[in-house]
Amino acid sequence: MESVKTLVQQLYQKPIAPEELRARWKVDAPWKSTGSLESLNITIGKLMYRNALSREGQLYGFKLRHHQIDGFNMHWLCNAKPKKSRGTILLLHGLSAEKSHWIRFARYFVKDYHIIIPDLAAHGQTGYLPNADYGTRAQAQRLIDLLDHLKISQAHVVGNSMGGFVAARLAADWPERINSLCLMDAAGLQARTHSVLVQSIESGRNPFLLHSLPEFENLMALGAHKYQWLPAQVKLMLAKQYSDRRERLFNVFLHLQNEIYPEDWISVEMPKLKMPTFIVWGELDKLLDIDMMQHFKELIPHAKTVAMKLTGHMPMLERPLQTARHYRKFLKESAVASLAESIST
């Protein structure tokens, strides 16, 4: 039987062209309507969703900001910088996700840290440009531009899934700007084991490219061991939004997969990292198998690791308090180690 690596490479490499992938993944297939009241339910869902996010963000002290960066009107959430700030934390979401996925995790750090939570280009409120570059270096450069705009010289960077891939690029290309790195169920490595995501792609289906409400529910089940309850109207609204964004997600997916197969740059660059590094993984991650945590650890021997039980692909959303406790412990230990090093030198 052929290895996982060979099977995935056959899918991603020539002679399978993007046009053929479009056909395999039915990028241009129509949305499967839920009925005559669908438009009304979507409108209701959008109002409910926006109101809930706005209220929750305000409750924890976050405000929405935006600025033109590289042609995008980049949006981000941030809190007021604490008087005795311990630094800045930059939180990066995954593919098809958005800044709001970090709010319940970030709330535990607002008293001590300046928190920046952006919508990456092609996601959330930042918007999409058809001919833009959505590779990790381009996304990382936009984040550096954002930090420059905010006059932030260094930051602790945390990235989940695709956000972890971008965070790794920041650490590799701008190490002087990164206080510490946290990879949370991060993308970027070639698969050594079969995950549900790999199996789906091999079978000719990309679970991120949706055409119906049941497909959205399937993606949510893949993305979290136990995902949060959503009102029916909100669930429908999000499903339709995912479907409407198929083109952009397909484009982003192509940019990212070209950085993984046939060769991934992470395997070359990660062993060079010197900054404190923390690797967090949900033991029940169905999208990126927990073997990847061990793989990252092999590449970054000094990294600390935590495998979270009963947790899937998004620990910060599934178990925000527990995940925040793990991360705060890492930050504290890193600060103590840094102080001890400075005293010794």
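Residues numbered from 1 in each chain as written. Predicted model: local features only at pLDDT ≥ 70, side-chain atom pairs only at ≥ 80, totals over all residues. Heavy atoms only, no water.

Here we take up the sheet that holds strand E3 (residues 88-92). A sheet is described by the order of its strands in space; here eight strands give the open sequence E1-E2-E4-E3-E5-E6-E7-E8, paired in mixed fashion. If you trace the sheet from one side to the other, it starts and ends with strand E1 (63-69) and strand E8 (304-308), each paired once. The sheet shows a mean angle of 20° between the axes of neighbouring strands, direction not considered. Helix-sheet contacts for helix H5 (residues 136-149) involve E1, strand E2 (72-78), E3 and strand E4 (114-118), and the interaxial angle to E2 is about 65°. Along the sheet, helix H6 (residues 162-173) contacts E3, strand E5 (155-161) and strand E6 (178-186); its crossing angle with E5, the most-contacted strand, is approximately 145°. (Pairing = 2+ DSSP bridges. Helix = DSSP H or I, 4+ residues; strand = E, 2+ residues; numbered from the N terminus. Axes fitted to C-alpha atoms, helices over the stretch in contact; angles between N-to-C directions. Contact = heavy atoms within 4.5 Å.)

Looking now at the pairing of E1. Across seven bridges, E1 lies against E2 in antiparallel orientation. Note that in E2 the partner of Gln68 across the bridge is Asn73. Taking the residues between adjacent antiparallel strands as the criterion, E1 and E2 are bridged by two residues, where Asp70 takes a positive phi near 55°.

With that out of the way, let us pick up the packing of H5 against H6. Packing of H5 against H6 brings their axes to within 9 Å, and their N-to-C directions diverge by 70°. Relative to H6, the element H5 lies roughly perpendicular. Here H5 contributes Thr136, Arg137, Gln139, Ala140, Leu143 and Ile144 to the contact with H6, which in turn contributes Phe165, Val166, Arg169, Leu170 and Asp173. (Parallel < 35°, antiparallel > 145°, perpendicular 65-115°, else oblique.)

It is worth spelling out the nonpolar core at this point. Ranked by size, the top nonpolar core spans 83 residues in total, and within it Trp25, Leu92, Leu170, Ile266, Met270, Phe296 and Ile300 carry the most contacts. Of all the elements, H6 adds the most residues to this core, at eight residues. If near-sequence neighbours (up to four positions away) are discounted, Met270 is found in contact with Ala168, Ala172, Trp265, Leu299 and Ile300. (Core = buried A, V, L, I, M, F, W, Y, C linked by side-chain atoms within 4.5 Å. Buried < 20%, exposed > 50% of the residue type's maximum accessible area, 1.4 Å probe, protein only.)

With twelve residues, H6 should cover 16 Å at 1.5 Å per step; its first-to-last C-alpha distance of 17 Å lies within 8% of that length. Where burial is concerned, most of H6 is hidden: eleven out of the twelve residues are buried. The inward-facing, buried residues of H6 contact E3, H5, E5, E6, helix H10 (246-257) and helix H11 (266-269). (Expected span 1.5 Å × (residues − 1).)

This part takes up the pairing of strand E7 (residues 277-282). Across the six residues that make up E7, a large majority, six, are buried. Taking every second residue as pointing to the same face, both faces of E7 are buried, with Thr277, Ile279 and Trp281 on one and Phe278, Val280 and Gly282 on the other. Here E6 pairs with E7 via four bridges, running parallel. The partner of Leu181 across the bridge, within E7, is Thr277. In terms of strand pairing, E7 meets E8 through five bridges, oriented parallel. Following the sheet pairing, Phe278 is matched in E8 by Lys304. Each parallel crossover has a hand, and for E7 linked through helix H12 (residues 291-299) to E8 it is right-handed. (Right-handed = clockwise from strand over helix to strand, strands pointing away.)

So, to be careful, I would describe these as geometric facts and stop short of saying anything about function.
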